[in-house]
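# Observations on the model geometry
One-letter residues, chain by chain:
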Amino acid sequence: MKGLTIDYATVLPALLPVVGLVVVLVADLVDPRLRQVPYAVAALAALGSALATVPGLSLGGGSTRQTFCLTGRAAARGSLPAVEGMPQVCLWQADALGSTLQLAAALSALVCIALAWPGTRRARPAASTREPVEAVLLLAALAGSVVVAASRDVGTWLIALELATLPVIALVALSGRRSAVAGATQLLVTSLVSFALLVLGVALWFTATGSPFLTPDAALSTGGAFAAGPGAGATAAVFPSVSAGLVALATVLVVAGVGFKLSLVPFHAWTPTAYSGSSVPVATFLATVSKVAALAALLVVLRAVSVLGTPALLSIAILAALSMTLGNVMALRQDDVVRLLAWSTVAQAGWVVMPLVSISALGVAASATYLLTYLVATLVAFAVVAVTVRDEPPGRGRHLTAYDGLWQRNPWRAGALALALTSLAGLPPGVIGLVGKVTALRPVVAQGWVWLAVVAAVNAVIGVAVYLRWLRGVITVPAGRAAVRQPAAEALAAARRRPALVAGLVFASAVLVVVCIQPDLLLRLLG
């Protein structure tokens with residue numbers, strides 16, 4: 001197409017998951033009896049997507065990797081006339097922040113694939129298509145998460161965000177259990193409401209700016225209004241003042257629409273039901289990759305409107321305060337660890353959006369930093385739960401009592417869980433959690449939101465109680481129960497039966513250890 005430049009290397013992080021899902025479908029047609037090949041292909045696609053984001057991680061000083069750029073060259077005969085004075089607009093822009101979010105989504109998906117990896121002891125029924133379907137849905141959701149972080153036009157932004165959501169609904173319902181169907185139904189209904197709010201927000205954005213692009217240039221103009229210019233029928237752009245009221249309302253609607261996907265109160269009702277009804281790998285995907293996609297979508301809009309000097313949004317402050325408080329209080333009441341982590345997600349979502357009361361570069365970076373700290377710790381916690389669920393009798397691995405005395409029975413797994421829980425609580429040795437909380441509070445204090453900082457401090461204390469309640473059972477042995485340490489040979493044999501699951505836990509734990517020792521590594525990723 002004339003006037004459109006495409007750099008395929010830049011879109012490689014999104015292309016590889018799409019290629020992977022096509023390969024999975026073809027492999028399933030060739031030999032439908034395969035169990036592990038779909039997951040192997042999905043893992044390679046996720047790993048390739050992560051590696052493809054590396055060139056964008058070193059960008060700084062406002063540099064971006066751009067493609068699908070409208071260059072403003074003369075249009076083809078019979079098409080619309082060229083618009084003089086319009087700057088080059090790129091539909092895909094990935095800077096250091098966007099590339100970091102893409103990397104986080106790809107690596108989180110890789111861990112989720114490892115947790116969902118099928119065993120070899122049970123023969124796959126001839127008519128079963130579960131493994132290819134799961135792999136395809138995981139890769140489709142990953143592709144949507146990667147695209148939404150770099151999209152800069154409203155069409156791609158909306159489609160990518162829904163692509164990151166709808167496959168997960170099918171994954172939740174795939175087990176066929178009544179609780180899974182209930183969770184998927186709630187997630188579907190809230191997703192439809194979310195989509196309606198997002199479409200309305202996008203419509204208001206277009207009304208206010210006259211532009212289909214989510215860029216600062218679009219926010220600074222109403223676009224759409226053109227005046228005939230001198231010369232050979234060319235058209236010159238006119239930039240009247242923006243309708244700030246409509247842009248503000250559009251932003252509020254986008255926050256509400258994304259709030260469903262981030263599990264912010266009062267849009268959180270689906271979260272505990274969907275998490276508890278899902279398998280542990282799918283719940284992990286919901287808690288990590290889906291949250292990356294949601295925050296990436298929100299940041300695209302907020303970074304566009306930040307040039308207007310938009311004042312801090314009271315709606316974001318209220319949502320953050322409610323989410324932190326309700327999430328922590330409800331998590332204190334849970335004995336099911338998956339539901340506990342679900343309510344923890346609600347509370348942590350409040351911390352993630354809290355820095356955005358300052359719609360500035362500082363607030364955006366702080367929000368992304370906290371998301372990454374939450375992401376790594378949550379992956380480790382869910383990975384430990386996944387291993388425990390496979391070791392314990394059916395239904396027991398999700399209860400808090402299954403972790404009593406874990407330190408004596410399996411020290412390395414207990415150590416990983418302890419580091420994850422202390423990171424979520426913001427306590428040593430989980431230093432990265434403390435760094436994340438301090439970083440999240442900086443823009444809040446800088447903007448003078450004293451009451452919100454006080455609410456956050458109170459919830460930080462309540463959060464400590466939430467995670468220490470779980471950790472206490474891990475490091476102590478209940479009265480009247482003898483500690484039975486798992487023999488090394490038995491532990492090694494169990495690991496050999498599920499190498500992918502153990503590899504996922506080891507990888508996530510290693511990343512958490514590294515960022516706790518050197519938290520500046522995580523901070524430098526954001527540019």
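Provided above is the structure to which this section pertains.
Residues numbered from 1 in each chain as written. Predicted model: local features only at pLDDT ≥ 70, side-chain atom pairs only at ≥ 80, totals over all residues. Heavy atoms only, no water.

## Focus on the overall build of the chain
Along its length, the chain carries 23 helices and 6 strands. Buried positions account for 55% of the 527 residues belonging to the chain. Sequence separation of 24 or more characterises 79% of the internal contacts of the chain that already satisfy a separation of 6 or more. Accessible area for the chain stands at about 20,800 Å²; split by element, carbon and sulfur atoms hold 70% of it. (Helix = DSSP H or I, 4+ residues; strand = E, 2+ residues; numbered from the N terminus. Buried < 20%, exposed > 50% of the residue type's maximum accessible area, 1.4 Å probe, protein only. Contact = heavy atoms within 4.5 Å. Areas by Shrake-Rupley, 256 points an atom, 1.4 Å probe, with all protein chains shown as cover.)

## Some words on the packing of aromatic side chains
Following the criterion strictly, the structure yields 6 aromatic pairs and no others. With a centroid separation of 4.6 Å and 45 degrees between ring planes, the pair formed by F260 and F267 is classed as tilted. For the residue pair F260 and F267, the accessibility class agrees, reading buried in each case. In this structure, K437 is placed above the aromatic ring of W351, and the distance from its NZ or CZ to the ring centre is 5.0 Å. (Phe/Tyr/Trp six-rings, centres within 6.5 Å; stacked < 30°, edge-to-face > 60°. Lys NZ or Arg CZ within 6 Å of the ring centre and 35° of its normal.)

## Regarding the nonpolar core
Judged by nonpolar contacts, the single largest core of 170 residues is most densely connected at W157, W205, Y403 and W470. Broken down by element, the residue count for this core peaks at 18 residues, all from helix α16 (residues 361-391). Filtering out sequence-adjacent residues up to four positions away, W205 remains in contact with V154, G210, S211, F213, L214, T215, A218, A219, V247, A250, A304 and V305. (Core = buried A, V, L, I, M, F, W, Y, C linked by side-chain atoms within 4.5 Å.)

## Here's the deal with the pattern of salt bridges
The full count for this structure, using the stated rule, is 3 salt bridges. Across the pair R303 and D95 runs a salt bridge whose closest N-O atoms are separated by 2.5 Å. Taken as a pair, R303 in helix α13 (residues 289-305) and D95 in the loop between β4 (89-94) and α4 (96-116) lie far apart in primary sequence, 208 residues in all. In this structure D95 comes out as buried when scored by relative accessible area, which is 11%. (Salt bridge = Lys/Arg side-chain N within 4 Å of Asp/Glu carboxyl O.)

## Quick word on the environment of L400
By secondary structure assignment, the location of L400 is in the loop between α16 and α17 (406-409). With 65 residues separating them along the chain, L400 and D335 place their C-alpha atoms 5.5 Å apart. Apart from residues lying up to four places away in sequence, L400 is in contact with Q334, D335, V337, R469 and W470.

## Some thoughts on the environment of V353
Checked against the element boundaries, V353 lands in helix α15 (residues 337-353). Given the relative accessible area of 3%, V353 is considered buried. Those residues in contact with V353, other than ones at most four positions away along the chain, are L262, L264, L298, I316 and A320.

## Structural notes on the packing of helix α1 (residues 12-30) against helix α5 (residues 130-150)
Relative orientation of the contacting elements α1 and α5 amounts to 165 degrees, with a least axis distance of 8 Å. Relative to α5, the element α1 lies roughly antiparallel. Of the two elements, α1 crosses α5, and the hand of that crossing is left-handed. Listed contacts from α5 to P13, A14, P17, V18, G20, L21, V24, L25 and D28 of α1 are P132, A135, V136, L139, A140, L142, A143, V146 and V147. Considered class by class, the residues forming the contact of α1 with α5 number 16 nonpolar, 1 polar and 1 charged. (Axes fitted to C-alpha atoms, helices over the stretch in contact; angles between N-to-C directions. Parallel < 35°, antiparallel > 145°, perpendicular 65-115°, else oblique. Left-handed = near helix turned anticlockwise from the far one by under 90°. Nonpolar A, V, L, I, M, F, W, Y, C, P; charged D, E, K, R; others polar.)

## Topic: the packing of helix α7 (residues 166-173) against helix α8 (residues 178-209)
The contact between α7 and α8 brings their axes to 7 Å, and the two run at 165 degrees. In terms of orientation, α7 and α8 fall into the roughly antiparallel class. For the element pair α7 and α8, the recorded crossing hand is left-handed. Contacts between α7 and α8 involve I169, V172 and A173 from the first element and A180, G183, A184, L187, L188 and S191 from the second.

## Remarks on a nonpolar patch on the surface
Where nonpolar side chains cluster on the molecular surface, the patch consists of I6, Y8, L12 and L15 and spans about 350 Å² of accessible area. If you trace the backbone, Y8 turns up in the loop between β1 (4-5) and α1. (Patch = residues over 30% accessible without salt bridge, like charges linked within 9 Å, V, L, I, M, F, W, Y side chains within 5 Å.)

## Thoughts on unusual backbone geometry
Keep in mind that most residues, glycine aside, have a negative phi and that most peptide bonds are trans. Between V265 and the following residue, P266, the backbone shows a cis peptide bond with an omega angle of 10 degrees. Within the secondary structure layout, P266 lies in the loop between α10 (244-262) and α11 (270-277). Backbone geometry places S263, a non-glycine residue, at a positive phi of 65 degrees. Turning to its location among the elements, S263 is positioned in the loop between α10 and α11.

## Quick look at the side chain of Q334
Tracing the backbone shows Q334 in the loop between α14 (314-331) and α15. A relative accessible area of 10% means that Q334 is categorised as buried. Polar contacts involving the side chain of Q334 include one to the side chain of R339, which spans 3.5 Å. Excluding anything up to four places from it in sequence, Q334 contacts R339, L340, W343, L400 and R469. (Polar contact = N/O pair within 3.5 Å; in protein donor to acceptor, adjacent residues only side chain to side chain.)

## Some thoughts on the pairing of β4
Within β4, 5 of the 6 residues are buried, which leaves it mostly tucked inside the rest of the structure. Across 5 bridges, strand β2 (residues 65-70) lies against β4 in antiparallel orientation. Bridged to R65 within β4 is A94. (Pairing = 2+ DSSP bridges.)

## Remarks on the side chain of S211
Along the polypeptide, S211 turns up in the loop between α8 and α9 (216-219). Judged by relative accessible area, S211 falls into the buried class, the value being 10%. Setting aside chain neighbours within four positions, we find S211 in contact with W205, F206 and A218.

## Points about helix α18 (residues 411-425)
At 3.6 residues per turn, the α-helix brings residues three or four places apart onto the same side. Between its terminal C-alpha atoms α18 stretches 21 Å, which fits the 21 Å expected from 15 residues at 1.5 Å a residue. The buried fraction of α18 amounts to 12 of the 15 residues, a majority that puts the element mostly inside the structure. Of all the residues in α18, the buried ones are R413, A414, A416, L417, A418, L419, A420, L421, T422, S423, L424 and A425. The inward-facing, buried residues of α18 contact α15, α16, α17, α19 (431-446), α20 (450-475) and α22 (499-517). Downstream of α18 by a residue or two, G426 has a phi angle that is positive, lying close to 80 degrees. (Expected span 1.5 Å × (residues − 1).)

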